[in-house]
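Listed below are the residues making up each chain.
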Amino acid sequence: MNKTVTIGLADAALAEAIAAAPTMAVSPPAHPQSLLDLPPGEARESLLAVHGILAAGLPPTKLRIYEAGGGSTSFLPLEVLRRAHVTVVDIDEDQICNNTYAQETILGDVQTWRFAPASFDLVICYNVIEHLADVEAALSGFCESLKDGGLILIGAPNPRSLSGVVTKYSPHWFHVWFYRHVRGDSKAGQPGEAPFPTFFHPLVTLSNLETFARTHGLQVIYSKLYESPRFPEMRARKPRFAALLDAAAAVMNLLLPGNTDVRHGDYHVILRKR
């Protein structure tokens, strides 16, 4: 499938937020740097959709947010951050030191760390679950810490994509090389800097994650596979290399069933606690 978008709510405000998100203006006062850094394309559109859903689905009062893994930038809309108390838990001391937006930072493992039940309105886990050896333990902790009606936002790579397969079956030094020489990130691999070792637990696969969610009292209200932002980045930085990858992806798509697009290297999913 090219993409998966699921609206499991009758809430008109949430449906309108999803429909309107791609037309929202992308301007510095309205959005975090993480969104502004994304090249135009599906990744940016999906993150805009996520922002619209969070704005419509979270209570309009002071919020309590648990961020499972948190570095120097947030993927949350600024309007949400401005009225939130954010607690970050991260196992990497450098990542904790780089964080500038959380009111509380905890050096700990999101797989084992536990908060009191019903502590948070929102749990965000962005580009983290692929690095965890025990995703089920982490997700169970997220569910327990969430208030009834609260939301979980997960952003993660798609293990079944071209980039996911390469990441899974290539050594970590290759990931560092790619970040440095293809993406142009000179700090890649340094302490506190991506890329980090990747496990790809079975629950990172979107279909498995959605099944787990539904069997643990969570409703899938938004789910979308989208083209990895690495592709538009490479088309701008390394057009010949990108053309080769696009050609290879087109051939693979012809050989795979359905409307699979191996360039859909990432996804967003939003879950609501029933």
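The notes below deal with the structure included here. (Residues numbered from 1 in each chain as written. Predicted model: local features only at pLDDT ≥ 70, side-chain atom pairs only at ≥ 80, totals over all residues. Heavy atoms only, no water.)

### Some points on the overall build of the protein
And step 1. The helix and strand inventory of the protein stands at 11 helices and seven strands.
And step 2. The buried share of the protein, taken over its 274 residues, is 50%.
And step 3. Long-range contacts, defined as pairs at least 24 residues apart, comprise 70% of the intrachain contacts of the protein with a sequence gap of at least 6.
And step 4. With an accessible surface of roughly 12700 Å², the protein has 57% of that area assigned to carbon and sulfur atoms. (Helix = DSSP H or I, 4+ residues; strand = E, 2+ residues; numbered from the N terminus. Buried < 20%, exposed > 50% of the residue type's maximum accessible area, 1.4 Å probe, protein only. Contact = heavy atoms within 4.5 Å. Areas by Shrake-Rupley, 256 points an atom, 1.4 Å probe, with all protein chains shown as cover.)

### Re helix α3 (residues 42-57)
And step 1. Compared with an ideal rise of 1.5 Å per residue, which puts 16 residues at 22 Å, α3 spans 22 Å between its outermost C-alpha atoms and is within 8% of the ideal.
And step 2. All of the buried residues along α3 are Ala43, Arg44, Ser46, Leu47, Leu48, Ala49, Val50, His51, Gly52, Ile53 and Leu54. (Expected span 1.5 Å × (residues − 1).)

### As for the pairing of strand β3 (residues 104-107)
And step 1. Across four bridges, the pairing between strand β2 (residues 84-90) and β3 is parallel. Bridged to Asp90 within β3 is Leu107.
And step 2. Tracing the backbone out of β2, into helix α5 (residues 93-98) and back to the parallel element β3 gives a crossover that is right-handed. (Pairing = 2+ DSSP bridges. Right-handed = clockwise from strand over helix to strand, strands pointing away.)

### What about the environment of Gln219?
And step 1. Take Gln219: it is sitting in strand β6 (residues 218-226).
And step 2. Once the C-alpha coordinates of Gln219 and Gly149 are considered, the two residues, 70 residues apart in sequence, prove to be 9.6 Å apart.

Geometry only, nothing functional implied.
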